[in-house]
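Here are the chains, one letter per residue:
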Amino acid sequence: MMELLARESLNRRRSALNSGMAEKVEEEEFPDNLIEETLRRGTFLCEKEKAWVARRLRVEEWDWEKRKKAWLVLADVAGNKTVHKELYAQLEGALAGEGATFRQIIVMDVRRTSPTLSEAQRNSLIRVLFSLVKRNGRVAYCQGMNFIAELLFVQLGFDEEETFWMMSYLPEILGESYHTNLVWLMADVGVFGMMFRLARGDEARALEKLGVDLPLLAFPWFVTLFSKLRDVPLRSQIFESFLMTGPAALVQAAVAVASAAGRRARRFRTLNEFYKNYEALLDDPGLLATVSSDAKDFFVDPSLYLKLRAKAAKIEWRKARELAKQQTSHPLLNRCSLASPVCALDRAELKRERFETSGNPPVFRTGDLLKNLDPEYFLPSTPVAVPAPIPSAI
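An account of the accompanying structure is given in this report.

1. Quick notes on the overall build of the protein
Point 1. For the protein, the count of helices and strands is 22 helices and zero strands.
Point 2. Within the span of the protein, comprising 394 residues, buried residues form 57% of the whole.
Point 3. Long-range contacts, defined here as pairs at least 24 residues apart, represent 80% of the contacts in the protein between residues at least 6 apart.
Point 4. Carbon and sulfur atoms form 52% of the exposed surface of the protein, whose accessible area is close to 17,300 Å².

Here it is, written out as structure tokens:
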């Protein structure tokens, strides 16, 4: 059933391309200064307004400063800073002596995030990530978040409070269980594997012939939202698409990046040889152009993507419940360098009454945003003109 849905998604895209037309949704018009007024007033956007902003990001060649403002309103930063005024400062002051285990892990992760970070930048990232633990104990901190925070704060120049609220918005898109019991994360990895094999069969076979474990290959991409890639414009482009379209953008990007890796994998004869050169593959200066070009020929239909994700999540949810009964963690965590006790199954979460009675994973607000978006917006946006990295002392 899932494969049929995946094939239908690909066929629907091909039909649209062949006819020169794509599904369109009725577009509401809003004032041109919507973004500036939202930031000035410190208010939230409704989903239709967010869809309008996403369309502008798609078609307008905005400079980085304007795109940055669009990110802030898409992630509800302006509204949260008004409604929860001074919260970040209060959290920072309330953290002394609490959550020692989380703080230890955060400090260790921040130190190994990048060797170029200054001491001041490290301290800022620690404050941001530790404040997230205090604000939302259900999600708390999971390894991989340090790379996302580093992208936003160091590479893209958001301030501490903006980074904090951008990071706080992620569970609203991904779902709180995305980084804790991995149900939604593994669902997206499963959808990626299926779509990759269907849309890019030659590249998938090239990787699997070498013995590459596709879920293991993709797991860090989804955990870190691709923020470990060296190419800052590519990381920014993927994150922008993620803000506009939710987790489907991660599947789209994963297929494109895996396709690039698959084409390059043909030059290697062994799995060890592939992994020895894997970092160099991701550092290829031409990766951004390759991924952007590849994504134009690949498409995940929004409505079918949601169905695929829901079905995959139900499968992963059953697996998670069985693993919880067996008092063990997801086997992928035992093989992934990003694994930590923080990422282990949250057994208390699995015992919550609404899941025990319904047997279904929760539904999050991503679908509401997707319904207001034209399918064309799953294509990569115009490469973001990001600022140069902030100079830092080693």
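2. A closer look at a positive patch on the surface
Point 1. Side chains of K307, K311, K314 and R318 sit close together on the surface and give a patch of like positive charge.
Point 2. Mapped onto the fold, K307 is located in helix α19 (residues 302-325).

3. Focus: the packing of helix α11 (residues 183-199) against helix α12 (residues 201-210)
Point 1. Where α11 contacts α12, the two axes come as close as 5 Å, and the packing angle between them is 115°. Between α11 and α12, the angle is such that the two are roughly perpendicular. Each of F196, R197 and A199 in α11 lies in contact with α12, whose residues at this interface are G201, E203, A204, L207 and E208.
Point 2. Class assignment for the residues of the contact of α11 with α12 results in four nonpolar, one polar and three charged.

4. So, the packing of aromatic side chains
Point 1. Under the counting rule described, the total for this entry stands at 17 aromatic pairs.
Point 2. Ring plane angle 50° and centroid distance 5.8 Å describe the contact between F239 and F242, whose orientation is recorded as tilted. Remark: F242 and F239 occur in helix α14 (residues 232-245); sequence separation between them is three residues, near one turn of the helix. Both residues of the pair, F239 and F242, belong to the buried class.
Point 3. On the basis of an interplanar angle of 75° and a centroid distance of 5.2 Å, the ring pair of F274 and Y275 is categorised as edge-to-face.
Point 4. Judged by its relative accessible area of 0%, F274 is buried.

5. So, empty space enclosed by the protein
Point 1. Evaluation of the coordinates by the stated rule reveals five cavities of 30 Å³ or more.
Point 2. As for the largest cavity, its lining consists of 15 residues, and the residues nearest its centre are V139, M145, M167, S168 and P171.
Point 3. Elements with a minimum of two residues in the lining of the largest cavity: α8 (119-135) and α10 (160-174).
Point 4. Top contributing element to the lining of the largest cavity by residue count: α10, with five residues.
Point 5. Residue composition of the lining of the largest cavity, by class: nine nonpolar, four polar and two charged.

6. Digging into the nonpolar core
Point 1. Of all hydrophobic cores here, the largest spans 112 residues; its most connected members are M166, F192, W221, F222, F239 and F274.
Point 2. For this core, the element with the highest residue contribution is helix α15 (residues 248-265), accounting for 12 residues.

7. A short note on unusual backbone geometry
Point 1. For D76, which is not a glycine, the phi torsion comes out positive at approximately 60°.
Point 2. Among the secondary structure elements, D76 is positioned in the loop between α4 (64-74) and α5 (77-83).
Point 3. Of note, F226 is a non-glycine position whose phi angle comes to about 65°, a positive value.

8. What to know about the side chain of R309
Point 1. Take R309: it is sitting in helix α19.
Point 2. Relative accessible area serves as the criterion here: at 6%, R309 is assigned to the buried category.
Point 3. In this view, R309 contacts L174, Y178, W184, A187, D188, V191 and P247; residues no more than four positions away in its chain are not counted.

9. Here's the deal with the pattern of salt bridges
Point 1. Inspection of the entire model under this criterion finds 13 salt bridges.
Point 2. One salt bridge in this structure joins E60 and R56, with 4.0 Å as the shortest N-O distance.
Point 3. Taking the relative accessible area as the measure of exposure, E60 reaches 33% and is therefore partly exposed.
Point 4. Judged by relative accessible area, R56 falls into the buried class, the value being 15%.
Point 5. For R122, the salt bridge identified is with E119, shortest N-O distance 3.6 Å.

Rules used in this analysis
Residues numbered from 1 in each chain as written. Predicted model: local features only at pLDDT ≥ 70, side-chain atom pairs only at ≥ 80, totals over all residues. Heavy atoms only, no water. Helix = DSSP H or I, 4+ residues; strand = E, 2+ residues; numbered from the N terminus. Buried < 20%, exposed > 50% of the residue type's maximum accessible area, 1.4 Å probe, protein only. Contact = heavy atoms within 4.5 Å. Areas by Shrake-Rupley, 256 points an atom, 1.4 Å probe, with all protein chains shown as cover. Patch = residues over 30% accessible without salt bridge, like charges linked within 9 Å, V, L, I, M, F, W, Y side chains within 5 Å. Salt bridge = Lys/Arg side-chain N within 4 Å of Asp/Glu carboxyl O. Lys, Arg positive; Asp, Glu negative; His and termini not counted. Charge placed at Lys NZ, Arg CZ, Asp CG, Glu CD. Axes fitted to C-alpha atoms, helices over the stretch in contact; angles between N-to-C directions. Parallel < 35°, antiparallel > 145°, perpendicular 65-115°, else oblique. Nonpolar A, V, L, I, M, F, W, Y, C, P; charged D, E, K, R; others polar. Phe/Tyr/Trp six-rings, centres within 6.5 Å; stacked < 30°, edge-to-face > 60°. 1 Å grid on protein atoms, 1.4 Å probe; cavity = no way out; pocket = protein on both sides within 12 Å on 5 of 7 lines; lining within 4 Å. Points joined across faces, edges and corners; volume = space filled by probe spheres on them. Core = buried A, V, L, I, M, F, W, Y, C linked by side-chain atoms within 4.5 Å.

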